[in-house]
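Structural overview
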Amino acid sequence: MKWLQTYHRPILCTEYMARGNGSTFQGILPLAKKYHVAAYNWGLVAGKTQTYFPWDSWQKPYTDHAPAQWHHDIFQMDGTPYNAQETGFLKTILKGQ
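As the structure is a computational prediction, the values presented were derived from the model and not from experiment. (Residues numbered from 1 in each chain as written. Predicted model: local features only at pLDDT ≥ 70, side-chain atom pairs only at ≥ 80, totals over all residues. Heavy atoms only, no water.)

Another aspect to go through is the overall build of the protein chain. Scanning the protein chain from terminus to terminus reveals three helices and two strands. Listing each helix as α and each strand as β along the protein chain from the N terminus yields α-β-α-β-α. Each of the three principal axes of the protein chain carries a C-alpha extent, and together these read 50 × 30 × 20 Å. Going through the 97 residues of the protein chain one by one, you find that 31% of them count as buried. (Helix = DSSP H or I, 4+ residues; strand = E, 2+ residues; numbered from the N terminus. Buried < 20%, exposed > 50% of the residue type's maximum accessible area, 1.4 Å probe, protein only.)

On to the packing of aromatic side chains, then. The tally for this structure, following the rule as stated, stands at six aromatic pairs. Consider the rings of tryptophan 3 and tyrosine 7, whose centres lie 5.6 Å apart with planes at 85°: the pair is edge-to-face. An angle of 15° between the planes, with centres 4.6 Å apart, marks the rings of tryptophan 70 and tyrosine 82 as stacked. In this pair, tryptophan 70 sits in the loop between strand 2 (38-39) and helix 3 (84-95) while tyrosine 82 sits in the loop between strand 2 and helix 3, placing the two residues twelve residues apart along the sequence. Take tyrosine 82: its relative accessible area is 23%, and that puts it in the partly exposed class. (Phe/Tyr/Trp six-rings, centres within 6.5 Å; stacked < 30°, edge-to-face > 60°.)

Every buried residue of helix 2 (residues 25-34) is accounted for by Phe25, Leu29 and Ala32. Buried residues along helix 2 cover an arc of 60° about the axis, so they all sit on one side. Tucked inside the fold, the buried residues of helix 2 contact strand 2 and helix 3. Phi turns positive one or two residues past the end of helix 2, at histidine 36, with a value near 60°. (Arc of directions from axis to C-beta. Contact = heavy atoms within 4.5 Å.)

Written as structure tokens, this is what we have:
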């Protein structure tokens, strides 16, 4: 991030969320905030885009169940959070506290 800031241009990170690889909102967003980097999340609600499936779903399709650990998405189709602790963190960091 520091290296990219030398160009004095806006920075937008579009590939940061991969829970199964240890990349989480709690780990990435504080750094993005510190360095004024916008961060875009691919998934919001588990649904048609299927971004809650991990990368291994190409080799191991999840046809009869959802994966235990979601890849991107934040909410289930009924609006409940995938992880309430995570959505609590998001509310806090988005408020600027």
